[in-house]
Amino acid sequence: MKVHSIIGKDIPRTDGRAKATGQAIYADDIKLPSMLYGKLLRSPVPHARILSIDTRKAAAMPGVRCIITGQDIPRITYGNWRLFPGTQDEYALAMDKVRFIGDEVAAVAAVDRDTAEAAVEQIKVEYEELPGVFDVTAALTKNAPVIHDTSPTNISIDRKIAYGDIEAGFAASDYVREDTFTVHAVSHAYMEPCACVAQSDLDNRITLWTSTQTPYIVQCLLASTLNMRENDIRVIKPNVGGGFGGKMELRPWEFCAAFMARQTGRPVKFTLTREEELAFGRRRHPMTIRSKVGYKSDGTLVAKDLHIYLDGGAYNAMGPTATFLSGNFGAMLYRYPNYRYIGEHVYTNKPPASAMRGFGAPQTLFAAETQMNMAAEELGIDPIEIRLKNAMVSGNELPGVATISSCGFVESLKAARRISGWSRKRKRLKTGRGVGIGCYSFISGGVFNWFNTQYPFSAAEVRAFADGTVHLLTMASDIGQGSDTVLKQILAETLGLKMEDIRLTAADTAMTPQADLGTWGSRVTLMAGNAVLDAAKKIKEKLAGAVSARFDLNVIFDIEFADGRVFAAGKPDRGMTFGEAVAFVQKAQRGEPLVYRGSYTPRGKGLVSPAFSFGAQVAEVTVDTDTGQIQVEKMWTAHDCGTVLNPMAVEGQLEGSVHMGLGYALSEQFVMDGGKTLNTTFLDYKIPNAADMPPGESVCIDTFEPEGPMGAKEAGEGLVSPTAPAIAEAVFHATGYRCKDLPITPEKVLKGLGKL
Amino acid sequence: MPVPQFDYIAPKRVDEAVAALVEGGKETRVMAGGTDLLVKIRHRMLFPKRIVSLKQIEGLDAITFDKNTGLTIGATALLADVAAHRSIRRYYPTVADAAQSTANVQVRNMGTVVGNLCNASPSADNAPTLMAMGATVNITGPTGSHRMALDQFFQGPGITALKTGEIVTSICVPLPPAGSGTAYYSLSQRGKLDCSAVGVGTMVTLKGNRCMDVRLIVGACAPVPMRTLGAEKMLIGKKMTDTLIRKTAQAASKETSPITDVRASAPYRWKIVAVLTIRALADARKMALGKR
C-alpha cells in the first residue's frame, strides 16, 4: 500500500486558529453599509386560518423600512424534493393558514434590531383558530382536522420496501416477537443559530450570505420562489457553526432577506435567537416504530416486518427522505432474507421535523438494536454472538437496493468486545452496573436525485500556478465537520504538495463549479473527495507529460508527485519542481493557465448509497436505583470508516457523536404542551455538559472502500446511532428495566423498577 | 426581542443605594452579579426602569469569619469565592458545597450567594443549607437596618420580605454548635451542571446518637424553600436510627407540595425528596459523629 505523507495524519483543522481566536467570519458578523435588520412575526397558535393582517401601525413606526406578508410575495411553494412538486408544501410566509406555533406570518426590516422587534409586535393578525393535532395517533383519527388540503388523511407521503416472502419467513421462524418503540424529537442545537444577509445590486441580482449546509439548493429554491433565474442568485456560505441537518433547506428568513433587499435596495440581515431555534426550529423526527422479527432458535434472522409512522410536524421539510431512509436503515446491519417496510410521514401541528444527523437511523436503530438485544436475552444468546451470526459482510446484498462493498462490521463487533472487556463484564458486574451494546451502519452519501439537479453531484476545479501553489474551488460546504481540511489533504497528497500550498474557495455558487448537493447524508468526503481526485488526476496527466517531454523519458516510466516535485519514478533527478512543471505546461499552452475540472456522480450504485460504514459500541453505566439517575461510565467504539484520512478529525466526529447520542438517550427532549414547546433555553433543554461526557476508547477497523477517495467512507453521522441502544441495554443489564421509549429519564427508570 | 431601556446607577455607599432605590420606586431593581436579573430582562420577564448595582460599594463583597460571631457573607461576595473560602470550607463545608453546586463556572464567577437568595427561586441551591444552619439576613432600608431569619425571608417564587428601598447587605451564619452535622443533596435530570429539580439541606445536632436539634429544608418542592417542621419533630429527642431516618424522610416528602413542570413531575419529586432526605440526614449524622 502506498505510504502517504498527509493522508492518515493528524492534520489540524485549517480553520481552527481563526475560529479559536474569533477571527472567523460567520453570517451574523457580516455588516454592510445601510444594512437593515429583519425580524419575523410568527404564529402564536398551532392551527388557524388567517382572516386579516394589519401592518399599518407597524409600518408607521420610525425606522421601519419594509413589511411583507404572504400577500406580498409570489405564491410559489418550495421544498427539497423538486422532482415531485406535490411534496413542496411550504411558502416563505403563510398564505391563508398557519400550521404550527412559530409558522412565519410576516417580516419586518428596520434600521436596527430593536425597532424591527418592536414593529413585529405592532402587527395585528386576526386568526380563526382551528382544532389541532399534536401526535400521530390524533392526526390519523377518522375526521381529524386536515392540516394540508392536499393530504386529506394527514399522511403526506409513504415509502415501501419489500423483498423475499415475509409470511413464509415468519412461518419458518422458531421465535417471533413484535414490539412497538417510540422515539422523541430532539434539537440540532447547533452552536450558531441561523443567520443570513442579503444584498440586491443595481442589476437586481441577489447575493445571499447564509448559514447553510446547502448553498446550491438555497440558490435554486430562492430563484424559483423569487421568480428569478438561478444565475442571478449568488449564495455564499461563510463559516458555519454546525448544521447537523437543520440547515439544508431554503428557509423563510433567507427568502425574506432577499425579497426585502430587493424591495428596499438595502442589505437585510436576519439572525435567529436561541429561543426561536428551540421553540420553532427543525428537529429530529419522533417516530412510532412497530417491528416484528422472526428468528431461528439458533439466532439466525429470518424475517422482519417494519412499520414506521414519522411525526413530521406541519410541513414535509426533509421528511420524505427520512421516510425512505428509515426503511433502509431497518435492514442495513444484518441479513434479512425476508423484509418488508412501510413508512408513513404524518402531518401534525408542530414545528416541522427534518433531517438530523443520522437521517432516520438513530430512531430505527434504537428500535432494531434494542429488539435484537431483547431477542438475544430470550433466546439465551450473547448479544454480540447473535450479531456476529447475522452481521452483514462484504458482498452481501440489500436486495434491489445495493450491494455492500467494504464492510468491517464483524471486525468491529469483535474489537468492541475485546476492548470493553465485554465477556467478563456481562457476567460479573454488580447490581446497578451494566454493559450494553448497540451497532450501526450508515450511508456515505445518497445516490438519489430528488432535488433533480442537472449537474454532477459534486464538482471541483483545480488551478495550478507556476509558483508551486494550487487553487481548489469547490461548492462543498464545510459547516464545522472539517471537510475543507480533508479536501485540501486529498489534493495535497495527490499532487505531492503541502497543505499551505493550497488556496481554497468553497461554497460560493457564483464562483465555484456547478454543483454540489451540500453537506448531508455523510456525502462530502466521498463525493467531493472524488471530484477533487478527478480534477487532480487531469492536472497530473498534464504535468507528467511535461516532465516526460522535458527529460525525454521512455513512455513506460511512472511519474511521481512528492515533496513539491514532479519526477520519473526511481530517478528523482529526472524531474523538476511542481511550479516549474506548471510553467512548462503553460508555456506549451501559449499562456493558457493549467486548470481542470473534476466531478463525481454515483452511477450504477443502486438506490441508496455508493458505500456503507459500520460500527459497534459498548456502554457501561451505573444506575442509582433510588433516584433512577444514570451515569454513563465509559463508551467503547470500534468502527469501519474505510481509510482514515485524518485520525484527529475522525476522533472529533466520534466524540461529538457520543455527546449527541448521550443527550438523545438520556436527557434531551422537547417538553410540549399541545403544539407549544415549553423548554426554549439551554437551561431546560438539557444537552449534556462537558462534565457529563464519559471517557471513551476507540478502534478504527482497517478497510479500503473501492468507491471512496483513497479508500475512505463516512465517519460523521452513523456513529450517532449506536449510543442510545447501547445505553438502554446497559441500563437493562444493570437493573432489569427495558426502555422502549426514549429518552431514558430517571422517572421512567423508577417506574420501570416499580418504585414510582 | 428588544432589551428594555433602563437607567444604571452604581452608587459607592449603601445609603446612596437605598436612596436610589427609594427614588426609583417599584420599577427599580437591585443588581449584584446580574446573572439572574439580566437574563430575566433579556427574556422580557422584567421591565425595570432603573437598575442599582451594588458592585461599586466597597467592602460589600467581604467574607468574614469569627469563632464567636460566625460567618458573614457580603452581598456582592461571589459564589466562587464562597465555594473556595478556607474558613467556610473548614467550618461550613456544606455552605461551600452548595455554592459550588450552583449553576456553572461562569455563573459562579459573576453571581453571588446573596443574589441567589434574593432571586427567591424555590430551587435556589444556597437556600436550604443556609436555612438549616439558622442564617439571618442583614437588611438596610430607608428606616435603618434590621435582621431577619432567612426562613422568614422567602414569601413565594421570586418574592422576598424586602420592602421598597431595602437591600440585603449580608448574610450571617452562626457557628455550628458542637455535635452538629450538615449536608446538602440536589438532583436534576442532566447530572453535574444543572438547575436543581429537588434539593434537600439539613443540620442535625447530636448528643451521642440522640438528636437534640434538627432543621430540614427542601428546595424546589413548594413555592419557597420550605422547612419540614413535622419531619423535624419526629427526630428531636430520638435516637437517630436508619429506620427513623427513613420514616422521617417519608414524612418530609408528605409535607412538600411539588408541582409538575419541565424539570420533573410532582410524583417524582415526592419520591426524590424522601431519597435525598435519607441521604442528607445520614450524611449529616455521620458528620455530627465525626465520621465524615
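Residues numbered from 1 in each chain as written. Chains lettered and ligands numbered in written order. Predicted model: local features only at pLDDT ≥ 70, side-chain atom pairs only at ≥ 80, totals over all residues. Heavy atoms only, no water.

1. Quick notes on the overall build of chain B
(1) Moving on: Scanning chain B from terminus to terminus reveals twelve helices and 14 strands.
(2) Moving on: Taken along its principal axes, the extent of the C-alpha atoms in chain B is 55 × 45 × 35 Å.
(3) Moving on: A buried classification covers 54% of the 292 residues belonging to chain B.
(4) Moving on: With the model as given, the accessible surface of chain B reaches about 12,700 Å², and the carbon-plus-sulfur share is 54%.
(5) Moving on: Chain B carries 37 positive and 21 negative side-chain charges, and their two centres are separated by 9 Å. (Helix = DSSP H or I, 4+ residues; strand = E, 2+ residues; numbered from the N terminus. Buried < 20%, exposed > 50% of the residue type's maximum accessible area, 1.4 Å probe, protein only. Areas by Shrake-Rupley, 256 points an atom, 1.4 Å probe, with all protein chains shown as cover. Lys, Arg positive; Asp, Glu negative; His and termini not counted. Charge placed at Lys NZ, Arg CZ, Asp CG, Glu CD.)

2. Describing the interface of chain A and chain B
A common way to express how large an interface is: the accessible area buried when the components associate.
(1) Moving on: With 33 residues of chain A at the interface, the matching set in chain B holds 25 residues.
(2) Moving on: A buried area of about 2,400 Å², summed over both sides, lies between chain A and chain B, and 50% of it is on carbon and sulfur atoms.
(3) Moving on: Viewed at the interface, chain B and chain A are joined by five salt bridges.
(4) Moving on: Residue arginine 263 of chain B pairs with aspartate 684 of chain A through a salt bridge whose shortest N-O separation is 2.6 Å.
(5) Moving on: At the level of elements, α3 (113-120), α17 (647-667) and α19 (746-752) of chain A are the ones that each hand at least two residues to the side of chain A that touches chain B. (Contact = heavy atoms within 4.5 Å. Buried area = accessible area lost by both parts, 1.4 Å probe. Salt bridge = Lys/Arg side-chain N within 4 Å of Asp/Glu carboxyl O.)

3. Overview of the side chain of aspartate 501 of chain A
Residues and elements named next belong to chain A.
(1) Moving on: Position of aspartate 501 relative to the elements: it lies in the loop between α14 (483-495) and β23 (502-506).
(2) Moving on: Within the buried set, aspartate 501 has no salt-bridge partner at all; the shortest N-O distance to an opposite charge, 4.4 Å, is to lysine 498.
(3) Moving on: Reaching out from aspartate 501, the side chain makes a polar contact with the backbone nitrogen of lysine 498 at a distance of 2.8 Å.
(4) Moving on: Apart from the residues within four sequence positions on either side, aspartate 501 is in contact with Gly468, Thr469 and Val470. (Polar contact = N/O pair within 3.5 Å; in protein donor to acceptor, adjacent residues only side chain to side chain.)

4. Details of the pattern of salt bridges
Residue and element names in this part refer to chain A.
(1) Moving on: By the definition in use, this model includes 57 salt bridges over all chains.
(2) Moving on: Measuring nitrogen to oxygen at the nearest pair gives 4.0 Å for the salt bridge that ties glutamate 167 to arginine 340. You can see glutamate 167 sitting in helix α5 (residues 166-171) and its partner arginine 340 sitting in strand β16 (residues 338-347), a full 173 residues away along the chain.
(3) Moving on: The class of arginine 340 is partly exposed, set by a relative accessible area of 29%.
(4) Moving on: The closest approach of N and O atoms between lysine 247 and glutamate 192, which form a salt bridge, is 3.3 Å. Taken together, the residues lysine 247 in the loop between β11 (233-236) and α7 (252-264) and glutamate 192 in the loop between β8 (175-183) and β9 (195-200) connect sequence positions 55 residues apart. Each member of the pair lysine 247 and glutamate 192 is classed as buried.
(5) Moving on: When salt bridges that share partners are traced, they join Lys39, Arg42, Glu104 and Glu276 into one network.

5. Observations concerning the sheet that holds strand β1 (residues 36-42) of chain A
Residue and element names in this part refer to chain A.
(1) Moving on: If you walk across this open sheet you meet the seven strands as β3-β5-β1-β12-β9-β10-β11, and the pairing is mixed. Edge positions in the sheet fall to β3 (64-69) and β11, since each has one partner strand and no second. The mean angle between the axes of side-by-side strands here comes to 20 degrees, regardless of whether they run parallel or antiparallel.
(2) Moving on: Two elements, β9 and strand β10 (residues 206-210), share five bridges in a ladder whose sense is antiparallel. Bridge assignment links alanine 198 to a residue of β10, and that residue is leucine 208.
(3) Moving on: Against the sheet, helix α6 (residues 215-226) touches β10 and β11, its axis set at about 150 degrees to β11. (Pairing = 2+ DSSP bridges. Axes fitted to C-alpha atoms, helices over the stretch in contact; angles between N-to-C directions.)

6. Focus: empty space enclosed by the protein
Residue and element names in this part refer to chain A.
(1) Moving on: Evaluated as defined, the whole model comprises eight cavities of 30 Å³ or more.
(2) Moving on: Of the voids in this model, the largest cavity is the one considered here, and its volume is about 110 Å³.
(3) Moving on: Lining the largest cavity, in full, are Asn80, Trp81, Ile217, Met248, Met318, Thr321, Phe448, Asn449, Trp450, Phe451, Leu517 and Trp520.
(4) Moving on: Residues of the lining of the largest cavity, tallied by class, amount to nine nonpolar, three polar and no charged. (1 Å grid on protein atoms, 1.4 Å probe; cavity = no way out; pocket = protein on both sides within 12 Å on 5 of 7 lines; lining within 4 Å. Points joined across faces, edges and corners; volume = space filled by probe spheres on them. Nonpolar A, V, L, I, M, F, W, Y, C, P; charged D, E, K, R; others polar.)

7. Some remarks on the side chain of serine 151 of chain A
(1) Moving on: By the secondary structure assignment, serine 151 of chain A is in the loop between α4 (136-140) and β7 (155-163).
(2) Moving on: The residues contacting serine 151 of chain A, other than those within four sequence positions of it, are Val146, Ser156 and Tyr347 of chain A.

8. Remarks on the sheet that holds strand β10 (residues 167-173) of chain B
All names here are of chain B.
(1) Moving on: What the five strands build is an open sheet, ordered β4-β5-β10-β6-β7; its pairing is antiparallel. Sheet topology places β4 (63-66) and β7 (144-149) at the edges, where each strand pairs with a single neighbour. In this sheet, neighbouring strand axes are inclined to one another by 20 degrees on average, regardless of whether the strands run parallel or antiparallel.
(2) Moving on: Sheet topology places strand β5 (residues 70-74) next to β10; four bridges connect them, and they run antiparallel. Within β10, the residue paired with glycine 74 across the bridge is serine 170.
(3) Moving on: Most of the contacts of helix α1 (residues 14-24) go to β10, to which it runs at about 130 degrees, and overall it touches β6 (136-141) and β10.

9. Looking at the nonpolar core
(1) Moving on: Ranked by size, the top nonpolar core spans 201 residues in total, and within it Phe270, Phe578, Ile727 and Ile744 of chain A carry the most contacts.
(2) Moving on: Among the elements that make up this core, the one with the highest residue count is helix α15 (residues 524-550) of chain A (13 residues).
(3) Moving on: Excluding residues that lie within four positions of it along the chain, isoleucine 727 of chain A makes contacts with Ala619, Val621, Val632, Leu662, Ala665, Leu666 and Ile744 of chain A.
(4) Moving on: Counting 46 residues, the second-largest nonpolar core is a separate cluster that includes Ala20, Val114, Met131 and Val168 of chain B. (Core = buried A, V, L, I, M, F, W, Y, C linked by side-chain atoms within 4.5 Å.)

10. Some details on the domain arrangement of chain B
All names here are of chain B.
(1) Moving on: If you check the domain split of chain B, you get domain 1 (7-53), domain 2 (63-173) and domain 3 (180-288).
(2) Moving on: Look at where the C-alpha atoms of domain 1 and domain 2 centre, and you get two points 18 Å apart.
(3) Moving on: Listed by partner, the interface residues are 13 residues for domain 1 and 15 residues for domain 2.
(4) Moving on: When domain 1 packs against domain 2, the two sides together hide about 1,000 Å² of surface, and 71% of this comes from carbon and sulfur.
(5) Moving on: The tally of links from domain 1 across to domain 2 stands at zero salt bridges.
(6) Moving on: For the interface between domain 1 and domain 2, the tally reads two residue pairs in polar contact (both at pLDDT 80 or more).
(7) Moving on: Partitioned by chemical class, the residues of the side of domain 1 that touches domain 2 number seven nonpolar, three polar and three charged. (Domains from an automatic or database assignment.)

11. Considerations on the domain arrangement of chain A
Residues and elements named next belong to chain A.
(1) Moving on: The domain boundaries assigned to chain A delineate domain 1 (16-22 + 457-600), domain 2 (31-130 + 191-242 + 247-280) and domain 3 (361-448 + 608-752).
(2) Moving on: Taking only C-alpha atoms, the centre of domain 1 and the centre of domain 2 are 39 Å apart.
(3) Moving on: Of the residues lining the interface, 17 residues belong to domain 1; the matching set on domain 2 comes to 17 residues.
(4) Moving on: Here domain 1 meets domain 2 over a buried area of about 1,300 Å², counting both sides, of which 58% is carbon and sulfur.

12. Some details on helix α5 (residues 93-100) of chain B
(1) Moving on: Counting buried residues along α5 of chain B, six of its eight residues qualify, which places the element largely inside the surrounding structure.
(2) Moving on: Every buried residue of α5 of chain B is listed here: Pro93, Thr94, Val95, Ala96, Ala98 and Ala99 of chain B.

13. Details of the packing of aromatic side chains
(1) Moving on: All chains considered together, the criterion is met by 21 aromatic pairs over all chains.
(2) Moving on: Taking 6.1 Å as the distance between ring centres and 20 degrees as the angle between the ring planes, the aromatic pair formed by phenylalanine 448 of chain A and tryptophan 520 of chain A counts as stacked. Separated by 72 residues along the polypeptide, phenylalanine 448 of chain A in the loop between β20 (433-443) and β21 (458-464) and tryptophan 520 of chain A in the loop between β23 and α15 bring together distant segments of the chain. When sorted by exposure, phenylalanine 448 of chain A lands in the same class as tryptophan 520 of chain A, which is buried.
(3) Moving on: Considering the side-chain rings of phenylalanine 65 of chain B and tyrosine 92 of chain B, the 5.9 Å spacing of their centres and the 85 degrees angle between planes classify their relative orientation as edge-to-face. Note that phenylalanine 65 of chain B is positioned in strand β4 and tyrosine 92 of chain B in the loop between α4 (86-91) and α5, a separation of 27 residues in sequence.
(4) Moving on: For phenylalanine 65 of chain B, a relative accessible area of 22% gives the class partly exposed.
(5) Moving on: Note on tyrosine 92 of chain B: relative accessible area 1%, which makes it buried.
(6) Moving on: Taken together, the aromatic side chains of Trp81, Phe84, Phe324, Phe448, Trp450 and Trp520 of chain A make up a single cluster linked through ring pairs.
(7) Moving on: The aromatic ring of phenylalanine 170 of chain A is capped on one face by lysine 292 of chain A, whose charged end is 4.4 Å from the ring centroid.
(8) Moving on: Stacked on the ring of phenylalanine 181 of chain A, the Lys or Arg lysine 740 of chain A has its end atom at 5.8 Å from the ring centre. (Phe/Tyr/Trp six-rings, centres within 6.5 Å; stacked < 30°, edge-to-face > 60°. Lys NZ or Arg CZ within 6 Å of the ring centre and 35° of its normal.)

14. So, the environment of serine 667 of chain A
(1) Moving on: Note that serine 667 of chain A resides in helix α17.
(2) Moving on: Along the primary structure serine 667 of chain A and lysine 686 of chain A are separated by 19 residues, whereas in three dimensions their C-alpha atoms are 5.6 Å apart.
(3) Moving on: Sequence-distant contacts of serine 667 of chain A, defined by excluding residues within four places in its chain, comprise Leu662, Lys686, Pro688 and Pro743 of chain A together with Gln189 of chain B.
(4) Moving on: Only 2.7 Å separates the side chain of serine 667 of chain A from the backbone oxygen of lysine 686 of chain A, close enough to count as a polar contact.

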